[in-house]
Amino acid sequence: MIKDLTEGNPSRVLIEFSMPMFISAVFQQLYNMADSVIAGRFAGEDALAAVGASYPVTMIFMAVALGCNIGCSVVISQFFGAKEYDKVKTAASTTVIASLVVSLILTGIGLMLSNFIIKAINTPSNIFDDSKLYFNVYIGGFVFLFLYNVANGVFNSLGDSRTPLYFLIASSLGNIALDIIFVAVFRWGVAGVAWATFVAQGIAGILAVLTLVKRLRKLETKKATVYFSMPMLKKVTFIAVPSILQQSFISVGNMFIQGRVNSFGSSVIAGYSAGVKLNTFALTCYTTLGNAVSNFTAQNMGAGKIDRVKKGLKSGICFTFAIIVPVLAAFLIFGRQMVGLFLTAESEEAINCGAMFLRIISPFYVAVAVKIMVDGLLRGAGAMLAFTTSTFVDLILRVILAFILSYALDSETGIWLSWPFGWTIATAITLVFYFKGDWKKNKI
């Protein structure tokens, strides 16, 4: 259902809008974790390591989809807030067409370079073939994932956070069911995990785009719709490219970190894979709420309501802190048991490794959550340089310190220690940009 975020109590409007997005993030991460849990439990430690080894590389491709999601979402939100519905339709159709072309190009590149990429991240020989297989199938279905993310970005920009939730619940349950059938029943191993994701995402992507087309037709406009516009593509690109670069650099940085993790052997890889899945679950929840703040900000910036933007940020931070408390407690108290869900009792070293990762980084969720919320505001206001700068600082520090500390300590623990440093400094930089106030002058 399309919703105007520029009217009503800011806190209530933001929470009602963000709640379906939050639930969507939970389901998305649950089925992502289901891949790893089922792989580790039914196909073994090496299978979990194989799925996890290529994860940072797949996230580089995912970064492009997320960047396009953000780009179209911010632009369309501002047009929607300004009641310029003809531009809303043009921006949506232009983004979908451009995204289809880009995703097909990236799929071809990924498939051609898969062997080189898997070698480049120091993947151990005992899991190399399975890692490459998982990567190839994942990239083969990238076009569906790409279109699904873009469609969700448009839905959210129109204030409709429920439709993406329905698709994600169906996709998540379908993915988990297929994981069980392909891996636990058919014993396809890593191939089963990969194909389960491919099928679930394929169906969700196609249905999301078809639903979006139907929804946009209901918007009444006085002018005939222009389905592809280069000027509109430039507007979307202005927001999307910095977002893509930001997400890509994060993924590239994580790939370097994964390469260092891989050098410690498959047990550490498996433990890190489990731990980082749980960490990603938490961060995705925060990021999703940050995206809600971004959409809220963009619509209200389009309507010229700066005070509502500030109130929305405060509500977003309070909501996020309410989520952090139980997550932090769970990771600190039950971290070992939670990592153990991914592995069998025989994988003692891997379980200890993943639990240590969670104990080190989770206390700093407060800092990174503030950064993510403020980033959402800056992005929604179109202040791309500000939030990109703070993210690059975080990334560069984490990568450099991961290598320095891991070599100094001669242990993977040095890698885990790099995360808190990067998060804390980047949060401070983000807050400086916010209080400086230049974001108030931005408008698409």
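In case you missed it, the structure is sitting above this.
Everything numeric here is computed off the predicted structure, so don't read it as measured data.

K.L.:
Let's hear about the pattern of salt bridges: which residues, and what values?
P.N.:
Inspection of the entire model under this criterion finds 7 salt bridges. A salt bridge links K305 to E7, with the shortest nitrogen-to-oxygen separation between them at 3.0 Å. Here K305, found in the loop between α10 (266-302) and α11 (306-340), pairs with E7, found in the segment before α1 (10-43); they are 298 residues apart in sequence, far enough to count as distant. Taking relative accessible area as the criterion, K305 reaches 28% and is therefore assigned partly exposed. Given a relative accessible area of 48%, E7 falls into the partly exposed group.

K.L.:
Describe in detail the packing of α11 against helix α13 (residues 365-380), supporting the description with residues and values.
P.N.:
Packed helices, taken two at a time, are described by their axes: the angle between them and the distance between them. Axis separation between α11 and α13 bottoms out at 9 Å; the angle between their running directions is 150°. Relative to α13, the element α11 lies roughly antiparallel. Seen from above, α11 lies across α13 with right-handed handedness. For the pair α11 and α13, the contacting residues are V309, L313, G316, I317, T320, F321, I324, V327 and F331 in the first and Y365, V366, A369, V370, M373, V374 and L377 in the second. Partitioning the contact of α11 with α13 into residue classes produces 14 nonpolar, 2 polar and no charged.

K.L.:
Talk me through the layout of surface pockets; I want residue IDs and the actual numbers.
P.N.:
Here the largest pocket defines a volume of roughly 310 Å³. What lines the largest pocket is a set of 13 residues, among which K89, S93, V213, L216 and Y227 lie closest to the centre. Mapped by element, the contributors of at least two residues to the lining of the largest pocket are α4 (85-120) and α8 (190-217). Take the lining of the largest pocket: its biggest share by element is 6 residues, from α4. The residue makeup of the lining of the largest pocket, split by class, is 9 nonpolar, 2 polar and 2 charged. Along the walls of the second largest pocket sit 14 residues, with V57, I60, F61, I109 and I117 positioned nearest its centre. Elements represented by at least two residues in the lining of the second largest pocket include exactly α3 (55-81), α4 and α9 (230-262). Here the lining of the second largest pocket gets 7 residues from one element, more than from any other, and that element is α4. Among the residues forming the lining of the second largest pocket, the class breakdown is 12 nonpolar, 2 polar and no charged.

K.L.:
Quick rundown of the packing of aromatic side chains? Include the residues and the values.
P.N.:
Within the structure shown, the criterion is met by 18 aromatic pairs. Their ring planes at 40° and their centres at 6.0 Å tell us that Y365 and W423 sit as a pair that is tilted. In this pair, Y365 is assigned in helix α13 and W423 in helix α15 (residues 413-436), connecting sequence segments 58 residues apart. Since its relative accessible area comes to 0%, Y365 is described here as buried.

K.L.:
Pulling in residues and values, what's your account of unusual backbone geometry?
P.N.:
One non-glycine residue, R187, lies in the positive phi region at around 60°. Within the element layout of this structure, R187 appears in the loop between α7 (162-185) and α8. Of note in this structure, D410 is not a glycine but carries a positive phi near 55°. Within the element layout of this structure, D410 appears in the loop between α14 (384-409) and α15. D410 gets classed as exposed once you look at its relative accessible area, which sits at 64%.

Rules of the game
Residues numbered from 1 in each chain as written. Predicted model: local features only at pLDDT ≥ 70, side-chain atom pairs only at ≥ 80, totals over all residues. Heavy atoms only, no water. Salt bridge = Lys/Arg side-chain N within 4 Å of Asp/Glu carboxyl O. Helix = DSSP H or I, 4+ residues; strand = E, 2+ residues; numbered from the N terminus. Buried < 20%, exposed > 50% of the residue type's maximum accessible area, 1.4 Å probe, protein only. Axes fitted to C-alpha atoms, helices over the stretch in contact; angles between N-to-C directions. Parallel < 35°, antiparallel > 145°, perpendicular 65-115°, else oblique. Left-handed = near helix turned anticlockwise from the far one by under 90°. Contact = heavy atoms within 4.5 Å. Nonpolar A, V, L, I, M, F, W, Y, C, P; charged D, E, K, R; others polar. 1 Å grid on protein atoms, 1.4 Å probe; cavity = no way out; pocket = protein on both sides within 12 Å on 5 of 7 lines; lining within 4 Å. Points joined across faces, edges and corners; volume = space filled by probe spheres on them. Phe/Tyr/Trp six-rings, centres within 6.5 Å; stacked < 30°, edge-to-face > 60°.

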